[in-house]
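Coordinate analysis (summary)
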Amino acid sequence: MVEKTVGDDAVRVALATAAERDPDLQRVAEAVKVTARYLAQHHPGKTVEIRIPPHVAVQALAGLRHRRGTPPNVVETDAHTWLALVSGCEPRPKATMMTLSTIITNQPTGISSSFSHHR
């Protein structure tokens with residue numbers, strides 16, 4: 001399945017939704033999908049599977065590749081935590097997400113730095 005490219009405008013809308021106090025569920029679902037796909041698009045690979053059920057699962061990061069079944073490196077979180085993390089609203093993400101954040105960005109500022117030019 002070929003994923004469509006996620007554009008900057010879609011990411012801006014998703015981050016705006018993430019910053020809202022109480023967005024409706026449909027907009028949350030779209031924001032989760034857009035930000036996860038954007039992350040995978042800009043950090044391609046098959047080393048880590050990022051799951052935000054029931055909305056989306058993407059594979060990202062270059063390195064070892066899995067071919068069947070559950071990959072050895074899976075990060076799963078809920079939509080609220082994911083959006084707080086990518087928007088920079090989560091100052092102390094859960095340990096697993098912080099590890100993913102550091103791996104992806106290679107900097108302690110975290111995963112939200114991948115989205116910083118959209119704010």
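Residues numbered from 1 in each chain as written. Predicted model: local features only at pLDDT ≥ 70, side-chain atom pairs only at ≥ 80, totals over all residues. Heavy atoms only, no water.

Considerations on the nonpolar core
Here is the rule we go by: Only buried residues count toward a nonpolar core. Its members are Ala, Val, Leu, Ile, Met, Phe, Trp, Tyr and Cys residues joined through side-chain atoms within 4.5 Å. With a 1.4 Å probe rolled over the protein chains alone, any residue whose accessible area is under 20% of its type maximum counts as buried; one over 50% counts as exposed, and the rest are partly exposed. A run of H or I in DSSP counts as a helix once it spans at least four residues, and a run of E counts as a strand once it spans at least two, with each numbered from the N terminus.
In terms of nonpolar packing, the biggest core is built from 25 residues, with V32, I50, I52, W82 and L83 touching the most fellow members. Secondary-structure elements contributing two or more residues to this core are helix 1 (8–19), helix 2 (25–42), strand 1 (48–52), strand 2 (56–60) and helix 3 (79–87). Top contributing element to this core by residue count: helix 2, with eight residues.

A word on unusual backbone geometry
Looking along the chain, the bond that leaves P53 and enters P54 is cis, with omega of 0°. Note that P54 resides in the loop between strand 1 and strand 2.

Quick word on the environment of V11
Tracing the chain through its elements places V11 in helix 1. A relative accessible area of 0% means that V11 is categorised as buried.

A few points about helix 1
To be explicit about the condition: Multiplying 1.5 Å by the helix residue count minus one yields the expected span of that helix. By construction, the arc corresponds to the directions joining the helix axis to the C-beta atoms. Only heavy atoms enter the contact rule, under which two residues are in contact if any of them lie within 4.5 Å.
In a regular helix each residue adds 1.5 Å, so 12 residues correspond to 16 Å; helix 1 covers 17 Å between its end C-alpha atoms and thus fits that length. Every buried residue of helix 1 is listed here: V11, A14, L15, T17 and A18. With its buried residues spanning 155° around the axis, helix 1 presents them on a single face. Away from its buried face by more than 90 degrees, helix 1 exposes D9, V13 and A19. Contacts from the buried residues of helix 1 go to helix 2 and helix 3.

Considering the sheet that holds strand 3 (residues 74–76)
The condition that has to hold: Pairs of strands are assigned from DSSP output, requiring at least two bridges between the strands. Orientation is described by lines fitted to C-alpha atoms, with helices fitted over the stretch in contact, and by angles between N-to-C directions that extend from 0 to 180 degrees.
Taken together, the three strands give an open sheet; going across it, the order is 2-1-3, and neighbouring strands pair in mixed fashion. With partners counted over all chains shown, the strands left at the sheet margins are strand 2 and strand 3, one partner each. Sheet twist, expressed as the mean angle between neighbouring strand axes with direction ignored, is 15°. Set on the sheet, helix 2 makes contact with strand 1 and strand 2; between it and strand 2 the angle comes to about 10°.

Nothing here speaks to function; it is geometry throughout.
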